[in-house]
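What the coordinates show
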Amino acid sequence: MSTRFNIFGEVMTFINQKKIKIFKGENPTKQLIDDNYTEISGSRGEILTSNVVNKISYKFIYNIQLDYNTGNKWFLHVKLQKSNDNFNSNINDVQGASYNISSNMVAVTDHRYSLSTAFFIIDGLDGTHQLRLVCRAYSNSNKPQLHESDYFDGVADTNVFDTSLIIREV
Amino acid sequence: MTYLKETKTLKNEFVVDSSNYSLQVISTTLVKYNGTEITYTPEDGATNVVYEVNFAISPYPDAQGSYLSTRVQYSDDNGSNWSTINETKVMEGTYSSASDYDWINLSYTFILSPWSGERKIRLAGRSFNTSSEFTIGRQHYITNQVGDPACPHVSIFSVKS
């Protein structure tokens, strides 16, 4: 980073690198999500922020599918967590970075399959931090599976969808 | 005053063709999704290529819902032959035994391995069956007033680490 002054005497700060971290989760194992918070495979990433740019965008794309073994609908709560020790003991929810996503909760035959894009802007990170998504089902009657599809092109056909994680300074 | 002097996202390219786009009804035959194709050569030394697409579907011509089987395809011979990237295959949508008319906005981000030279990239797909067909780009503004076709929006860029 270099610092200059313009003709008005203001400090002009140049950031030499706008960091972007790309993580592709290759061939993730199917996760069955129950009513305990569980880390979503492929959602964990680390970024070192500079002193002056401490806004981070976090974008994670993953696949949510109906688990036919447990029911006809699903209901998830998803939240972003941060840590400075790779989630060993320092684990904190990121305030405001969470959402619900569900299938139709009334019609019993309304099966939903969906990609989900988690996108958050995070303030106040300075230094090295790890970020991850965790999720849980509303109840054990509403459990989805992640990453794996059981149907495709009109037939029963198992396919695994690679996750995509992009963390960048903004 | 803070400036971002340098970025590690390189060779950004975008596709949006609102004037020439027309509605596309998708049934059980595998077809390209119109408006999602882009021709791209990655930056030298790129470690990844990020391909992003956004579009919306309506449940028409049937009303019970929509099931998409979508995948990324590429062509290294200017579109004569297309290959599917298997790990991008995804089943999406919702279906009901009752008519529930789901309208869905779809947003995709794919992290692709880089390649050498020029390549065409696109999305292709089909419906699961004839009861779960869908239409890309159809809009309704008010009761039964069909709006202008809404085209897909596409971006692609290289990443260098």
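Residues numbered from 1 in each chain as written. Chains lettered and ligands numbered in written order. Predicted model: local features only at pLDDT ≥ 70, side-chain atom pairs only at ≥ 80, totals over all residues.

**Let's talk about the overall build of chain B**
- Secondary structure assignment for chain B yields 0 helices and 12 strands.
- Mapped in sequence order, the helices and strands of chain B form the string β-β-β-β-β-β-β-β-β-β-β-β.
- A principal-axis box enclosing the C-alpha atoms of chain B has dimensions of 50 × 45 × 25 Å.
- Counting every position in chain B, which comprises 161 residues, the buried fraction comes to 40%.
- Relative to all contacts within chain B whose residues are 6 or more apart in sequence, the contacts with residues 24 or more apart total 82%. (Helix = DSSP H or I, 4+ residues; strand = E, 2+ residues; numbered from the N terminus. Buried ≥ 20, exposed ≤ 12 C-beta atoms within 10 Å, placed from the backbone. Contact = placed C-beta atoms within 7 Å.)

**Some details on the confidence of the model for chain B**
Residue and element names in this part refer to chain B.
- For chain B, the average pLDDT comes to 89, and 94% of its residues sit at 70 or higher.
- Across residues 1–7 the pLDDT falls below 50, and counting only partners more than four positions away or on other chains, this stretch makes 17 contacts in the model.
- Across the interfaces of the predicted complex, the ipTM metric reaches 0.86, alongside a pTM of 0.88. (pLDDT = per-residue confidence, 0-100.)

**What about the nonpolar core?**
- Among the nonpolar cores identified, the biggest contains 58 residues, and L133 of chain A together with V50, Y51 and I156 of chain B are the most heavily contacted of them.
- Take this core: its biggest share by element is 7 residues, from strand β7 (residues 56–66) of chain A.
- Among residues more than four places away in sequence, those in contact with I156 of chain B are E13, I38, Y40, V49, V50, Y51 and I121 of chain B. (Core = buried A, V, L, I, M, F, W, Y, C linked by C-beta atoms within 7 Å.)

**Description of the environment of A63 of chain B**
All names here are of chain B.
- Position of A63 relative to the elements: it lies in the loop between β6 (48–58) and β7 (65–75).
- The exposure class assigned to A63 is partly exposed, which follows from the 14 C-beta atoms found within 10 Å.
- It is 9.0 Å that separates the C-alpha atoms of A63 and F134, two residues lying 71 residues apart in sequence.

**Thoughts on the pairing of β6 of chain B**
Residue and element names in this part refer to chain B.
- Summarising burial for β6: 8 of the 11 residues are buried, a large majority.
- Examined bridge by bridge, β6 and strand β12 (residues 153–159) share 7 bridges and lie antiparallel to one another. Across the sheet, residue V53 finds its bridge partner in β12, namely V154.
- Alignment of β6 against strand β9 (residues 104–112), held across 9 bridges, turns out to be antiparallel. The residue of β9 that forms the bridge with I57 is I104. (Pairing = 2+ DSSP bridges.)

**Side note on the environment of N27 of chain A**
- Residue position: N27 of chain A is located in the loop between β3 (20–25) and β4 (31–32).
- Spatially, the C-alpha atom of N27 of chain A lies 25 Å from that of S98 of chain A, the residues being 71 residues apart in sequence.
- Sequence-distant contacts of N27 of chain A, that is, excluding residues within four places in its chain, are made with V160 and D162 of chain A together with E87 of chain B.

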